[in-house]
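# Reading the structure
Below, each chain spelled out in residue letters.
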Number of protein chains: 2
Amino acid sequence: MKLLDLYAKLKKDINLIEKELERSIDVNHPVLREASLHLLKAGGKRIRPVFVLLGAKFGQYDLGRVKFVAVPLELIHMASLVHDDVIDDANTRRGQLTVRSKWDNRVAMYAGDYIFAKALSIVTQLPDPSIHRIMSNALVEMSIGEMEQIRFFFHTGQTVRDYMLRIKRKTALLLAISCQLGAIAAGAPEQTAKRLYDFGYYTGMAFQIRDDLLDLCGTEKEIGKPPGSDIKQGNITIPVIFALQNPQLRPALLEEISRIEACDGQTDISAFLNMIRRSEGISRAEAMASTYIDKAIRSLEGLPNIQAKKDLVSIAHFVGNRSY
Amino acid sequence: MKLLDLYAKLKKDINLIEKELERSIDVNHPVLREASLHLLKAGGKRIRPVFVLLGAKFGQYDLGRVKFVAVPLELIHMASLVHDDVIDDANTRRGQLTVRSKWDNRVAMYAGDYIFAKALSIVTQLPDPSIHRIMSNALVEMSIGEMEQIRFFFHTGQTVRDYMLRIKRKTALLLAISCQLGAIAAGAPEQTAKRLYDFGYYTGMAFQIRDDLLDLCGTEKEIGKPPGSDIKQGNITIPVIFALQNPQLRPALLEEISRIEACDGQTDISAFLNMIRRSEGISRAEAMASTYIDKAIRSLEGLPNIQAKKDLVSIAHFVGNRSY
């Protein structure tokens with residue numbers, strides 16, 4: 001099955017979530033509304049709402065309840081992108097101007113604050129304090145992750161563990177709680193929600209590793225931005241950490257990273273990309289992503305064999321082969 | 001009674017809140033912890049926790065519960081200050097370096113995000129969804145208020161109503177819910193919580209008006225920064241709005257504001273300050289603040305005559321005469 005087929009099946013429900021997303025940011029303030037809408041219209045795969053919906057299929061599926069989780073989780077993702085773009089000085093995302101470049105950093109900061117607050121306010125319409133707790137705890141972890149990212153810019157001494165904790169906070173955690181909270185909002189058993197959390201977590205780890213691989217190996221056409229954007233801003237990803245472990249490659253690679261840092265990323269990085277692409281860092285990172293996909297699929301063992309389970313497996317395979 | 005006497009009576013409880021505040025930001029990340037601690041140590045009157053504690057005296061006072069409201073409300077205030085300083089390019093606050101000036105804007109943005117998230121995560125330790133709802137809704141309003149502030153910079157066409165809505169979102173709302181949530185967390189009757197909300201709201205409005213008056217009429221020594229900081233950054237406050245209503249004064253004042261705007265605030269503003277100080281804008285704003293204080297005190301009518309009620313009246317009078 002292709003991912004598009006899955007989306008076709010969920011289309012009616014996703015459309016409703018999409019409408020609710022628009023309604024949620026319909027604020028009586030011109031710049032705030034435009035900035036938020038701009039962000040919403042820039043699109044995205046809406047993978048978090050999809051995970052919520054599929055997670056909810058393991059309980060008493062009720063879109064009227066579940067939307068109070070699906071909408072906030074996508075809003076949190078959107079808000080973190082706006083704040084990310086401020087940090088990265090990013091001018092475009094997915095081929096669209098960013099909020100900070102279309103307006104300015106101040107608007108981007110407050111638009112992000114507004115969307116974060118809105119997310120938390122919407123979820124409180126469900127009278128289940130444990131859902132509020134899980135969501136706000138995830139936000140705390142995510143914000144620590146953002147700071148960690150800055151701290152590790154151009155830090156060649158970082159370990160595989162540093163990287164893993166960072167992508168957990170940056171990506172995997174929100175996907176994990178998307179599956180989990182969908183299940184909890186639908187009243188699924190705790191054990192089911194826990195397995196779904198694991199599925200989302202492992203899939204998220206694989207997703208981010210593949211994303212980081214794409215930044216190094218993809219073409220500008222495939223990834224919608226020039227390859228090597230990560231290293232230009234100082235973000236050292238897992239293929240690079242693995243490549244640095246090779247004693248033959250290490251000295252030249254360190255020198256090249258220092259040079260890029262000294263130029264503040266404003267330099268030709270083709271030598272760096274060639275070194276990484278020819279290193280075993282690529283295959284080792286690919287293997288790591290595959291392992292996570294296997295773990296994700298194994299997390300679902302023991303869950304009832306409903307259609308949603310097959311859909312989650314399809315998504316995991318799709319993420320594992322990701323080249324978009 | 002003086003405000004200090006009141007604080008002396010609550011000292012033990014405030015000290016515990018202070019310790020909890022420190023503990024709440026004890027995160028395993030050097031810059032994040034230092035930045036948050038720096039902010040915490042910069043002090044402040046802790047008026048929000050005081051309002052929470054006094055509000056809780058109208059119910060079953062239990063510090064072990066009430067702290068889960070008092071700590072988040074002070075954290076929200078702190079986080080909004082850090083984000084404010086980014087917008088204002090502020091280098092000092094209360095005579096201390098701001099986070100954005102000691103580190104940078106990126107650290108300030110993420111430290112603010114972290115503290116906001118932490119606040120919401122702490123409050124979810126109380127299993128009362130209505131408390132979560134009130135707090136997150138207030139955050140939404142506050143973030144709209146922040147954007148409104150930017151929108152109205154140097155906007156001489158703004159009305160008294162625009163100003164009032166702005167200071168409600170900026171200041172009064174958080175003080176209102178501090179009183180209200182203290183009462184709710186202590187299980188006080190709904191009507192009591194409502195009256196306390198009104199008290200906090202009116203006191204907050206008066207507080208901000210007096211703050212705005214001080215910026216125009218105080219000395220650098222009194223207010224810890226040069227007078228006229230508001231107009232330098234484009235913030236047009238109520239004495240100025242009133243002064244602009246005087247047809248004799250209006251043309252010269254408009255011209256002076258345009259000139260300050262054209263210089264991006266980097267200019268001598270003594271002519272502006274003299275115009276405002278000699279205008280009826282000052283006395284009209286003072287009268288407005290007094291009216292709010294009267295309303296605040298009247299809101300408490302009907303509440304039991306406990307010590308906390310007298311303390312709230314003292315605070316209201318203190319705010320009314322504020323010159324610090």
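Conventions adopted
- Residues numbered from 1 in each chain as written.
- Chains lettered and ligands numbered in written order.
- Predicted model: local features only at pLDDT ≥ 70, side-chain atom pairs only at ≥ 80, totals over all residues.
- Heavy atoms only, no water.
- Axes fitted to C-alpha atoms, helices over the stretch in contact; angles between N-to-C directions.
- Helix = DSSP H or I, 4+ residues; strand = E, 2+ residues; numbered from the N terminus.
- Parallel < 35°, antiparallel > 145°, perpendicular 65-115°, else oblique.
- Left-handed = near helix turned anticlockwise from the far one by under 90°.
- Contact = heavy atoms within 4.5 Å.
- Nonpolar A, V, L, I, M, F, W, Y, C, P; charged D, E, K, R; others polar.
- Least-squares fit on C-alpha atoms with pLDDT ≥ 70 in both.
- Expected span 1.5 Å × (residues − 1).
- Buried < 20%, exposed > 50% of the residue type's maximum accessible area, 1.4 Å probe, protein only.
- Buried area = accessible area lost by both parts, 1.4 Å probe.
- Salt bridge = Lys/Arg side-chain N within 4 Å of Asp/Glu carboxyl O.
- Phe/Tyr/Trp six-rings, centres within 6.5 Å; stacked < 30°, edge-to-face > 60°.
- Lys NZ or Arg CZ within 6 Å of the ring centre and 35° of its normal.
- 1 Å grid on protein atoms, 1.4 Å probe; cavity = no way out; pocket = protein on both sides within 12 Å on 5 of 7 lines; lining within 4 Å.
- Points joined across faces, edges and corners; volume = space filled by probe spheres on them.

A few words now on the packing of helix 5 (residues 63-88) of chain B against helix 8 (residues 129-151) of chain B. All names here are of chain B. Axis separation between helix 5 and helix 8 bottoms out at 12 Å; the angle between their running directions is 15 degrees. In terms of their interaxial angle, helix 5 and helix 8 are classed as roughly parallel. Handedness of the helix 5/helix 8 crossing: right-handed. In this structure, helix 5 contributes Val69, Pro72, Leu73, Ile76, Ser80, Asp84 and Ile87 to the contact, and helix 8 contributes Ile131, Met135, Leu139, Met142, Glu146 and Ile150. Per-class residue counts for the contact of helix 5 with helix 8 are 10 nonpolar, one polar and two charged.

Each of the two chain copies can be brought onto the other by rotation about an axis and movement along it. With an axial shift of 0.0 Å and an RMSD of 0.0 Å, the rotation relating chain A to chain B amounts to 180 degrees. Taken together, the rotation and translation relating the two chain copies correspond to the operation of a two-fold axis. Residues of chain A ranked by C-alpha distance from the rotation axis are headed by Pro129 of chain A, positioned 2.8 Å from it.

Once that is clear, we can look at the packing of helix 4 (residues 47-56) of chain B against helix 5 of chain B. In helix packing, the relevant descriptors are the interaxial angle and the interaxial distance, both defined with respect to the helix axes. Residue and element names in this part refer to chain B. In contact at an axis separation of 8 Å, helix 4 and helix 5 are set at 150 degrees when each is read in the N-to-C sense. Between helix 4 and helix 5, the angle falls in the class roughly antiparallel. Two packed elements cross with a definite hand, and for helix 4 against helix 5 that hand is right-handed. On helix 5, the residues touching Arg48, Pro49, Val52, Leu53 and Ala56 of helix 4 are Leu63, Val66, Val69, Ala70, Leu73, Glu74 and His77.

The terminal C-alpha atoms of helix 5 of chain B, which comprises 26 residues, lie 36 Å apart, in line with the 38 Å expected from a rise of 1.5 Å per residue. Within helix 5 of chain B, 23 of the 26 residues are buried, which leaves it mostly tucked inside the rest of the structure.

Attention now goes to the interface of chain A and chain B. Facing 39 residues of chain A, the contacting portion of chain B comprises 39 residues. A buried area of about 3,500 Å², summed over both sides, lies between chain A and chain B, and 72% of it is on carbon and sulfur atoms. Where chain A touches chain B, the interface holds zero salt bridges. Put simply, the parts of the chain that give the side of chain A that touches chain B at least two residues each are helix 2 (30-41), helix 4 (63-88), helix 6 (105-123) and helix 7 (129-151) of chain A. For the side of chain A that touches chain B, the element with the most residues is helix 7 of chain A, which contributes 14 residues. Taken together, the residues of the side of chain A that touches chain B sort by class into 22 nonpolar, nine polar and eight charged.

Residue and element names in this part refer to chain B. At Phe154, a position not held by glycine, the phi torsion is positive, near 60 degrees. Note that Phe154 resides in the loop between helix 8 and helix 9 (160-185). The phi torsion at Asp264 lies on the positive side, around 55 degrees, for a residue other than glycine.

On to the side chain of Lys67 of chain A. Mapped onto the elements, Lys67 of chain A comes out in helix 4. Residues contacting Lys67 of chain A, with those up to four places away along its chain left out, are Leu16, Ile17, Glu20 and Pro72 of chain A.

What follows deals with the pattern of salt bridges. All names here are of chain A. Under the definition given, this model contains 22 salt bridges over all chains. Lys41 serves as the salt-bridge partner of Glu22, at 2.9 Å between the closest nitrogen and oxygen. Highlighted residues: Glu22 in helix 1 (residues 3-24) and Lys41 in helix 2, separated in sequence by 19 residues. We classify Glu22 as partly exposed; its relative accessible area is 33%. Overall, Lys41 belongs to the exposed group, its relative accessible area being 53%. Residue Lys194 is joined to Asp198 by a salt bridge in which the shortest nitrogen-to-oxygen separation is 3.0 Å. With Lys194 and Asp198 both in helix 9 (residues 190-217), this residue pair falls four residues apart, about one helical turn. Put simply, Glu18, Arg46 and Glu74 are held in one network by salt bridges that share partners.

Let us now look at the packing of aromatic side chains. Under the criterion given, the structure shown has six aromatic pairs over all chains. Chaining the aromatic ring pairs together yields one cluster made of Tyr201, Tyr202 and Tyr292 of chain A. Just above the ring of Tyr61 of chain B sits the side chain of Lys57 of chain B; from NZ or CZ to the centre is 3.9 Å.

This part is about empty space enclosed by the protein. Following the criterion strictly, the structure yields 10 cavities of 30 Å³ or more and no others. Considered as a void within the structure, the largest cavity measures approximately 270 Å³ in volume. Lining the largest cavity are 22 residues, with Asp113 and Phe116 of chain A together with His83, Asp113 and Phe116 of chain B positioned closest to its centre. For the lining of the largest cavity, the secondary structure elements donating two or more residues are helix 4, helix 6 and helix 7 of chain A together with helix 5, helix 7 (105-123) and helix 8 of chain B. A breakdown of the residues in the lining of the largest cavity according to their chemical character gives 12 nonpolar, six polar and four charged.

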